[in-house]
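Single-letter residue listing:
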Amino acid sequence: MIAAAGDATDRAADAIRERLGSLRPAVLIVLGSGLGGLTRHIEVGARLPYHEIPGFPLPAVQGHRGELVAGMLGGRPVLAQSGRFHLYEGHEARTCALPVRACGRLGVETVILTNAAGGIRRTCRGGALMLIADHVNVTFQNPLAGPLVPGDERFPDMSDPYDPGLRSLARDVAWDRGIALEEGIYAGVLGPSYETPAEIRMLERIGADAVGMSTVVEVIAARARGMRCVGISAITTLAAGIGPARLSHEEVMAAAHRMEGALGSLVEGIVARV
């Protein structure tokens, strides 16, 4: 099991490295549902379809393209993960964390994670961007469980899963560019059903400001490899019981598309100053 997990990371990293040529990405950008259009900000050098990367399954969720995009953004070499793997698709936590681990093996030190989320805090309305200060893992899955994967720390400290320096940088970029930026706690749930109003009240009482179905597993894996993380949620809708509207994936994607401009500008500014 130890060798198999390490081999999976090595095989994926080797395949990506071969396609990158001389490009050495410093930053990985993980794109959430409906946010794949952010790749338009990248001066593309290569596109790596997932079917060409060992161990990468094809996303089965609308709004996730299924490719790595390599190129330049803000004057820095980056990799953008357009399409992530979700626990609710039946993938193991280790599979969801494979892109992060493979990029860590390539020398990537910074991960910018984006997601579409439902707003729980009453002052954080739909259409807002929220800088993630911390998270609550309600998926009850952990990519570090099981045999230790080579390159991982067995017991990583999670006191600051979202790097304080990067969060300060994100706030500075938002201020300079006139981008409204909330800050709060993200709750990661298993999905794929949306939460009930009672579940949202529970999440609110344990301190969550927004809720989504991704991100927490990737951040845990990144921190176990010493990678710095910053997370940004696009609050596409109000969570169940907070607003009157019924929830749908189509509505989430449409709202995410409307927020791409501000989010893209914020991500580009962060990359340029990392």
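Conventions and cut-offs
Residues numbered from 1 in each chain as written. Predicted model: local features only at pLDDT ≥ 70, side-chain atom pairs only at ≥ 80, totals over all residues. Heavy atoms only, no water. Helix = DSSP H or I, 4+ residues; strand = E, 2+ residues; numbered from the N terminus. Rg over C-alpha atoms; globule rule 2.2 N^0.38 Å. Buried < 20%, exposed > 50% of the residue type's maximum accessible area, 1.4 Å probe, protein only. Contact = heavy atoms within 4.5 Å. Lys, Arg positive; Asp, Glu negative; His and termini not counted. Charge placed at Lys NZ, Arg CZ, Asp CG, Glu CD. Phe/Tyr/Trp six-rings, centres within 6.5 Å; stacked < 30°, edge-to-face > 60°. Core = buried A, V, L, I, M, F, W, Y, C linked by side-chain atoms within 4.5 Å. Axes fitted to C-alpha atoms, helices over the stretch in contact; angles between N-to-C directions. Parallel < 35°, antiparallel > 145°, perpendicular 65-115°, else oblique. Left-handed = near helix turned anticlockwise from the far one by under 90°. Nonpolar A, V, L, I, M, F, W, Y, C, P; charged D, E, K, R; others polar. Pairing = 2+ DSSP bridges. Salt bridge = Lys/Arg side-chain N within 4 Å of Asp/Glu carboxyl O.

### Let's talk about the overall build of the protein
- On a plain count of helices and strands, the protein comes out with seven helices and nine strands.
- Computed over its C-alpha atoms, the radius of gyration of the protein comes to 17 Å, within 12% of the 19 Å expected for a compact globule of 274 residues.
- When its C-alpha atoms are laid out on the principal axes, the protein stretches across 50 × 40 × 35 Å.
- With 274 residues in all, the protein has 55% of them scored as buried.
- Pairs at least 24 residues apart make up 83% of the contacts formed inside the protein by residues separated by at least 6 positions.
- Between the centroid of the 27 positive side chains of the protein and the centroid of its 29 negative side chains there is a distance of 1 Å.

### Quick notes on the packing of aromatic side chains
- Summed over all chains, the structure comprises three aromatic pairs.
- Centroid distance Tyr 50 to Phe 56: 5.3 Å. Interplanar angle 75°. Geometry classified as edge-to-face.
- Overall, Tyr 50 belongs to the buried group, its relative accessible area being 0%.
- A relative accessible area of 6% places Phe 56 in the buried class.
- Here the aromatic rings of Phe 56 and Phe 85 are separated by 5.5 Å at their centres, their planes lie at 85°, and the arrangement is edge-to-face. You can see Phe 56 sitting in the loop between β2 (43-49) and β3 (67-73) and its partner Phe 85 sitting in the loop between β4 (76-82) and α2 (93-105), a full 29 residues away along the chain. For the pair Phe 56 and Phe 85, a shared accessibility class is recorded, and that class is buried.
- Taken together, Tyr 50, Phe 56 and Phe 85 form an aromatic cluster joined through their ring pairs.

### Observations regarding the nonpolar core
- Ile 16, Leu 28, Ile 53, Phe 56, Leu 68, Leu 79 and Val 111 are the most contacted members of the largest nonpolar core, which has 44 residues in total.
- Looking at this core element by element, the count peaks at seven residues for α2.
- Those residues in contact with Val 111, other than ones at most four positions away along the chain, are Leu 28, Val 30, Ala 222, Met 227, Arg 228, Cys 229 and Val 230.
- Formed by 30 residues, the second largest nonpolar core is a distinct cluster that contains Ala 80, Leu 129, Ala 170 and Val 230.

### Structural notes on the environment of Val 252
- Inspection of the secondary structure assignment puts Val 252 in helix α6 (residues 249-258).
- On the basis of relative accessible area, Val 252 is assigned to the buried category, the value being 9%.
- Remark: the alpha-carbon pair of Val 252 and Gly 118, spanning 134 residues in sequence, is separated by 8.7 Å.

### Examining the environment of Leu 190
- Along the chain, Leu 190 turns up in the loop between β7 (181-188) and α4 (197-205).
- It is 34 Å that separates the C-alpha atoms of Leu 190 and Arg 177, two residues lying 13 residues apart in sequence.
- Apart from residues lying up to four places away in sequence, Leu 190 is in contact with Leu 87, Tyr 88, Val 138, Thr 139 and Met 213.

### A short note on the packing of helix α3 (residues 164-177) against helix α7 (residues 260-273)
- As a packed pair, α3 and α7 sit with axes 9 Å apart at the nearest point and diverge in direction by 125°. Accordingly, the angle class assigned to the pair α3 and α7 is oblique. Both α3 and α7 take part in a crossing whose hand is right-handed. In this structure, α3 contributes Leu 169, Ala 170, Asp 172, Val 173, Ala 174, Asp 176 and Arg 177 to the contact, and α7 contributes Ser 265, Leu 266, Glu 268, Gly 269, Ile 270 and Arg 273.
- Looking at the contact of α3 with α7 residue by residue, the class counts come to six nonpolar, two polar and five charged.

### Description of the pairing of strand β5 (residues 110-119)
- For β5, a buried count of 10 out of 10 residues is recorded, marking the element as mostly surrounded by other parts of the structure.
- Sheet topology places β5 next to strand β9 (residues 228-238); 10 bridges connect them, and they run parallel. Note on β9: the bridge partner recorded for Thr 110 is Arg 228.

### Quick word on the pattern of salt bridges
- The final tally for this structure, using the stated rule, is 16 salt bridges.
- For Asp 163, the salt bridge is made with Arg 228, and the minimal N-O distance between the two is 2.9 Å. Placement of the pair is Asp 163 in the loop between β6 (128-137) and α3 and Arg 228 in strand β9, with a sequence separation of 65 residues.
- Asp 176 is the partner of Arg 273 in a salt bridge, and the nearest nitrogen-oxygen pair spans 2.6 Å.

### Some thoughts on the environment of Gly 21
- Within the secondary structure layout, Gly 21 lies in the loop between α1 (2-20) and β1 (27-31).
- Residue classification places Gly 21 among the partly exposed residues on the basis of a relative accessible area of 38%.
- Expressed as a C-alpha distance, the spacing of Gly 21 and Ala 46, which sit 25 residues apart in the sequence, is 9.4 Å.

Take it as geometry only, folks, not as evidence of what the structure does.
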